[in-house]
Amino acid sequence: MLNASDLRKGLKILLDGDPYIITRFEFSKPGKGQSLYKCRLRNMINGNSTDRTFRSNEKFEKASLEERSMQYLYSQGDEFHFMDVNTYEQLSLTREQIAENVNYLIDNMEVTVLFFNGSPIDITLPIFVNLAVTQADPWVKGDTSGTDTKPVTVETGYVLQAPPFIEEGDRIQVDTRTGEYITRVKD
Amino acid sequence: MISGLRLRQRAAVFRAVRLFFEERDYLEADTPLLLPVLAPERWIEPFTAGDLFLQTSPELCMKRLLAAGHARLYQICPCFRKGERGGRHLPEFSMLEWYRAGIDYLALMDECEELVKSVALECSARKLFAKPAGCFRLDIPFERLTVAEAFGKYARCDENAALAAGCYEEVMVEEVEPHLGKGGRPTFLYDYPAGLASLARRKSEEPALAERFELYADGIELANGFSELTDPVEQRCRFEEERRLILSTGREPGPIPERFLAALHDMPEAAGIALGLDRLVMLMTGAATIDEVVCFVPEEL
């Protein structure tokens, strides 16, 4: 069991049966009164955030979460299939659970699948992924219109801003935390 | 570790504080940090050191000096409180306390405002600080709101209903405090429910209220002051009550501070205040957390 004084940003706790991650934390003690622990918590299953204030006598249970490295296989409708490369065990997550990760997910990508009570609830991608550009306006050399980026489409269908010299067929590195262009890669 | 700039700024704030009190004929006192007995306080848990306690505040010793005839006293010292850690809390922090005979809490509010403005002026005159230091207006008086007015203005219920429902602190933190001391104008909150001030005098014309105030600046709770309770009989009752409350939370209350109670017989009418000095440095520098303004935080030691 955890005490309120153990609460901190990043801690994962069980609340009303669901796993939550503390995304914002503030210790407060108004006017020599009792200690209060103000938290913003994100439900790790549905992604909803909620604000809660706890007192020092409250007790918490750590959310029992497990991570496993798995390979992305394919999607079918709203189901995304993954495989454990050691045991060949397969499972699927819904489009809702994959959320914006769908923008960077390509076949055979190694991802980390998060399990709560044995069921997959979320995935974590590598921070940087390389994606092929499938659509980009041609680069007009000497273009002095002043725009330093242009929209390009990558193989997942995701559209992002990239420098004007990026062309169809290039491979670019994207930061999956921000969705932003990092650099052009040669491979 | 603190940055070079913050260390210099911190030293400048300390100097400006000492300058203020020297100019007003206050005597600097340094009372012992290791004490055999503390004022029992329900929500403050002390550290023990052998058979002794590390002080949670210099209050009792300062009042004994006051009772001995020293009419204007101030102290800058570390205080220790178990379990307090956050963006504005450290288990060891620097406190500024000052006491003055012959005045009440309203006059002390004025003096507190003068101190904060004087430190801001002093800092603004130095290259180390952005101008104006403290980011509040020096040309208008601080806002003054009674606790009842603040709850009426910002909260879903009045303070007595919140106390009765056992959610006073939550309402204070979630609904009232976010509005205090904003827009470049610090706020004094005053006239607290009597149950929330164990060492403060009650208002004679309204005994349900204590002559206590707190200062908020930019969302930071900066200081807590009051007219001192000088009645040893009532003070003993309040200590007994606090000890009962400490017992009910499963902690062992320390003994009653008998020497302090004995000294109360000689204590003049006075007002006293505790101000978080690290937080004053935060206010003057615009630091976002207390971590930025102390030399080391506990996690670095």
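Heads up: the structure comes first, above all this text.
I will try to describe carefully the structure that is included in this document. Note that the structure is a prediction, hence the values are computed from the model and not measured.

## Structural notes on the overall build of chain B
So, point 1. Across its full length, chain B carries 9 helices and 12 strands.
So, point 2. Rg of the C-alpha trace for chain B: 19 Å, near the compact-globule value of 19 Å for 301 residues, within the 12% margin.
So, point 3. Projected onto its principal axes, the C-alpha coordinates of chain B cover approximately 50 × 45 × 40 Å.
So, point 4. Within chain B, the proportion of its 301 residues that are buried is 55%.
So, point 5. With an accessible surface of roughly 13,100 Å², chain B has 54% of that area assigned to carbon and sulfur atoms.
So, point 6. Distance between charge centres in chain B, computed from 36 positive and 50 negative side chains, equals 4 Å.

## Overview of the nonpolar core
So, point 1. Leu96(B), Trp98(B), Leu280(B) and Met284(B) are the most contacted members of the largest nonpolar core, which totals 54 residues.
So, point 2. Ranked by residue count, the leading element in this core is helix α3 (residues 105-124) of chain B, at 9 residues.
So, point 3. The next biggest cluster of nonpolar side chains, apart from the first, holds 29 residues, and it includes Phe82(A), Leu131(A), Val174(A) and Tyr181(A).

## Examining the interface of chain A and chain B
So, point 1. Taken together, the 14 residues of chain A in the interface contact 22 residues of chain B.
So, point 2. Sorting the residues of chain A by area buried against chain B places Phe27(A), Lys29(A) and Lys32(A) first, and these three jointly supply 39% of that buried surface.
So, point 3. The tally of links between chain A and chain B comes to 3 salt bridges.
So, point 4. If you look at where chain A meets chain B, you find 7 residue pairs in polar contact (both at pLDDT 80 or more).

## A word on the sheet that holds strand β3 (residues 48-49) of chain B
Strand pairing in a sheet relies on backbone hydrogen bonds. The paired strands run either parallel or antiparallel.
All names here are of chain B.
So, point 1. Across the sheet, which stays open at both edges, the 3 strands sit in the order β2-β4-β3 with antiparallel pairing between neighbours. The sheet terminates laterally at β2 (34-35) and β3, the two strands that pair on one side only.
So, point 2. The pairing of β3 with strand β4 (residues 52-54) spans 2 bridges and is antiparallel. Residue pairing for β4: Ala 49 is matched across the bridge by Leu 52.

## Observations regarding empty space enclosed by the protein
Residues and elements named next belong to chain B.
So, point 1. Tallied over the entire structure, the rule returns 4 cavities of 30 Å³ or more.
So, point 2. Quantified by volume, the largest cavity comes out at close to 350 Å³.
So, point 3. Lining the largest cavity are 22 residues, with Arg 81, Phe 93, Met 95, Glu 221 and Arg 279 sitting closest to its centre.
So, point 4. Elements represented by at least two residues in the lining of the largest cavity include exactly β6 (92-101), β11 (220-227), β12 (270-276) and α9 (277-285).
So, point 5. Considering every element that reaches the lining of the largest cavity, the biggest residue donor is β11, with 4 residues.
So, point 6. Here the lining of the largest cavity is composed, by residue class, of 9 nonpolar, 4 polar and 9 charged.
So, point 7. The space that makes up the second largest cavity amounts to roughly 90 Å³.
So, point 8. Glu 59, Glu 97, Asn 224, Phe 226 and Ala 274 are, among the 13 residues lining the second largest cavity, the residues nearest its centre.

## Some thoughts on the packing of helix α4 (residues 147-154) of chain B against helix α6 (residues 168-176) of chain B
All names here are of chain B.
So, point 1. Across the interface, α4 lies against α6 with an axial gap of 10 Å and an inter-helix angle of 60 degrees. The hand of the α4/α6 crossing is left-handed. Where α4 abuts α6, its residues Val 147, Ala 150, Phe 151 and Tyr 154 lie against Tyr 168, Val 171, Met 172, Glu 175 and Val 176.
So, point 2. In the contact of α4 with α6, the residues fall into 8 nonpolar, no polar and 1 charged.

## Focus: the side chain of Glu41(B)
So, point 1. Along the chain, the position of Glu41(B) falls in the loop between β2 and β3.
So, point 2. Under the relative-accessibility criterion, Glu41(B) is labelled buried at 14%.
So, point 3. When neighbours within four sequence positions are excluded, Glu41(B) is seen to be in contact with Lys32(A), Glu242(B), Ile246(B) and Arg251(B).

## Things to note about the pairing of strand β2 (residues 12-15) of chain A
Residue and element names in this part refer to chain A.
So, point 1. Of the two faces of β2, only one is covered, namely that formed by Ile 13 and Leu 15; the face formed by Lys 12 and Leu 14 stays uncovered.
So, point 2. Alignment of β2 against strand β3 (residues 18-28), held across 4 bridges, turns out to be antiparallel. The residue of β3 that forms the bridge with Ile 13 is Tyr 20.
So, point 3. Here β2 folds back onto β3, and the loop between the two strands holds 2 residues, one of which, Asp 16, carries a positive phi near 50 degrees.

## Some remarks on α9(B)
Residues three or four positions apart in an α-helix share a direction because the helix packs 3.6 residues into each turn.
Residues and elements named next belong to chain B.
So, point 1. α9 sits mainly inside the fold: 9 of its 9 residues count as buried.
So, point 2. Those residues of α9 not exposed but buried are Leu 277, Asp 278, Arg 279, Leu 280, Val 281, Met 282, Leu 283, Met 284 and Thr 285.
So, point 3. The positive-phi residue at the C-terminal boundary of α9 is Gly 286, with phi of around 75 degrees.

Cut-offs applied
Residues numbered from 1 in each chain as written. Chains lettered and ligands numbered in written order. Predicted model: local features only at pLDDT ≥ 70, side-chain atom pairs only at ≥ 80, totals over all residues. Heavy atoms only, no water. Helix = DSSP H or I, 4+ residues; strand = E, 2+ residues; numbered from the N terminus. Rg over C-alpha atoms; globule rule 2.2 N^0.38 Å. Buried < 20%, exposed > 50% of the residue type's maximum accessible area, 1.4 Å probe, protein only. Areas by Shrake-Rupley, 256 points an atom, 1.4 Å probe, with all protein chains shown as cover. Lys, Arg positive; Asp, Glu negative; His and termini not counted. Charge placed at Lys NZ, Arg CZ, Asp CG, Glu CD. Core = buried A, V, L, I, M, F, W, Y, C linked by side-chain atoms within 4.5 Å. Contact = heavy atoms within 4.5 Å. Buried area = accessible area lost by both parts, 1.4 Å probe. Salt bridge = Lys/Arg side-chain N within 4 Å of Asp/Glu carboxyl O. Polar contact = N/O pair within 3.5 Å; in protein donor to acceptor, adjacent residues only side chain to side chain. Pairing = 2+ DSSP bridges. 1 Å grid on protein atoms, 1.4 Å probe; cavity = no way out; pocket = protein on both sides within 12 Å on 5 of 7 lines; lining within 4 Å. Points joined across faces, edges and corners; volume = space filled by probe spheres on them. Nonpolar A, V, L, I, M, F, W, Y, C, P; charged D, E, K, R; others polar. Axes fitted to C-alpha atoms, helices over the stretch in contact; angles between N-to-C directions. Left-handed = near helix turned anticlockwise from the far one by under 90°.

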